[in-house]
Amino acid sequence: MGFARLLAKSWVVFCLVAGAHALRIQLSSGVPLAASAFTVGICVVLFTAMGLLFAGGFGAAGSPPGTPLIARLKTAHFIPGFNEIIFVVFLILSFVNQVVFAPMSSDGGAIGTGATGALESAMYFAVPGQRALVYSLAVCSMDGGRVFAAAFTWLLAIIYLGSAVSRLKLTAGIMRLERAKRPEILGPTLRAFLLGIVAVVGIQFLFVGSSYPWFQCSAYTDITGALLIGLFPLMLAYLIVAALASLMAASPEI
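In short, a report on the structure. (Residues numbered from 1 in each chain as written. Predicted model: local features only at pLDDT ≥ 70, side-chain atom pairs only at ≥ 80, totals over all residues. Heavy atoms only, no water.)

What about the nonpolar core?
Basically, it comes down to this: As used here, the term nonpolar core means buried Ala, Val, Leu, Ile, Met, Phe, Trp, Tyr and Cys residues forming a set that is joined through side-chain atoms within 4.5 Å. Exposure is judged per residue with a 1.4 Å probe applied to protein chains only, and the accessible area is read against the type maximum: over 50% gives exposed, under 20% gives buried, and values in between give partly exposed. In what follows, a contact means two residues having at least one pair of non-hydrogen atoms within 4.5 Å.
If you look at the biggest cluster of nonpolar residues, it comprises 53 residues, and the most contacted ones within it are Trp154 and Tyr160. The residues touching Tyr160, leaving out its near neighbours within four places in the chain, are Asn83, Ile86, Phe87, Phe90, Ala237, Tyr238 and Val241.

As structure tokens, this is what we get:
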């Protein structure tokens, strides 16, 4: 996948999920559906267009001069690959769990019991960021199912990462073919380096949990907390796969 398409897809997913959470928050506050949908829809469209304009401009900068935009768009660019389909399915599962099922397992910010408690305990042990989140929520005397929602999202992210890494060589081969047909403004080495840097920063902030102490208690009740818990772990897994695939694609094929 090209760097511009990676930016575009990531931004579209971010805007759609943020818009879904904004709509949920407004509806739970008693705002009528029509008014909520209109307000949130306008914001989602504007922010999505802004990001796509930036990504499109970045992609056009690396194209041969004089190439029409319609000539650069191929049908294959709009067909999601297997990794993208799994990512979307996992994202939907995470959102449904976060909105519907997780609030039923609220334990005041502590590790629960039963099946949900087993999952929370496993992620508490395996993911340092989950421990940081549990501590932050306990300080705020807040849960609302957020601990279980985060644990479930981390589980999906780990499963996605393992599944995508098993097909890493195939992904890298596809990237080499795309690069041969249409070179990008960023070279393969620089692309792998930039994605690797962002992935390392994401691991430190999310998986290690360095970012959680920065957020005030009010952040966990709005869109920021919802995205931090239900979206960002999956996006981090996707970014790690993209960085590893880019690094493999930048090396000589064996």
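Now that the structure has been shown, we can carry on.
Here's the deal with the packing of aromatic side chains
Quick reminder of the rule: Under the pairing criterion, centres of Phe, Tyr and Trp rings, with the six-membered ring standing for Trp, must be within 6.5 Å; the plane angle then separates stacked pairs below 30 degrees from edge-to-face pairs above 60, leaving the rest tilted. Per the convention used, a helix needs a DSSP run of H or I reaching at least four residues, while a strand needs a run of E reaching at least two, with both numbered from the N terminus.
Tallied over the full model, the rule gives nine aromatic pairs. Ring geometry for Trp11 and Phe14: centres 5.5 Å apart, planes at 25°, overall stacked. Highlighted residues: Trp11 and Phe14, both in helix α1 (residues 3–28), separated by three residues, approximately one helical turn. Given a relative accessible area of 25%, Trp11 falls into the partly exposed group. In this structure Phe14 comes out as partly exposed when scored by relative accessible area, which is 26%. Seen in terms of ring centroids, Phe14 and Phe232 are 6.5 Å apart; in terms of plane orientation they differ by 10°. Their pairing is stacked. Highlighted residues: Phe14 in helix α1 and Phe232 in helix α11 (residues 232–250), separated in sequence by 218 residues. Among the aromatic residues, those joined into a cluster by ring pairs are Trp11, Phe14 and Phe232.

Here's the deal with helix α6 (residues 128–139)
Where we set the bar: In this scheme, a helix's expected span is set at 1.5 Å multiplied by one less than its residue total.
The end-to-end C-alpha distance of α6 is 17 Å, a good match for the 16 Å that 12 residues give at a rise of 1.5 Å each. Taken together, the buried positions of α6 are occupied by Gly129, Gln130, Ala132, Leu133, Val134, Ser136 and Leu137. Contacts made by the buried residues of α6 are with α5 (114–126), α7 (146–165), α9 (188–207) and α10 (223–230).

Here we look at the side chain of Ser211
Looking at the element boundaries, Ser211 is found in the loop between α9 and α10. A relative accessible area of 5% means that Ser211 is categorised as buried. In this structure Ser211 touches Phe205 and Leu206, once residues within four positions along its chain are discounted.

Some thoughts on the environment of Ala37
Of note, Ala37 is situated in helix α2 (residues 33–61). Take Ala37: its relative accessible area is 38%, and that puts it in the partly exposed class. C-alpha separation for the pair Ala37 and Gly19, spaced 18 residues apart in sequence, amounts to 9.3 Å.

Purely geometric numbers; function is a separate question.
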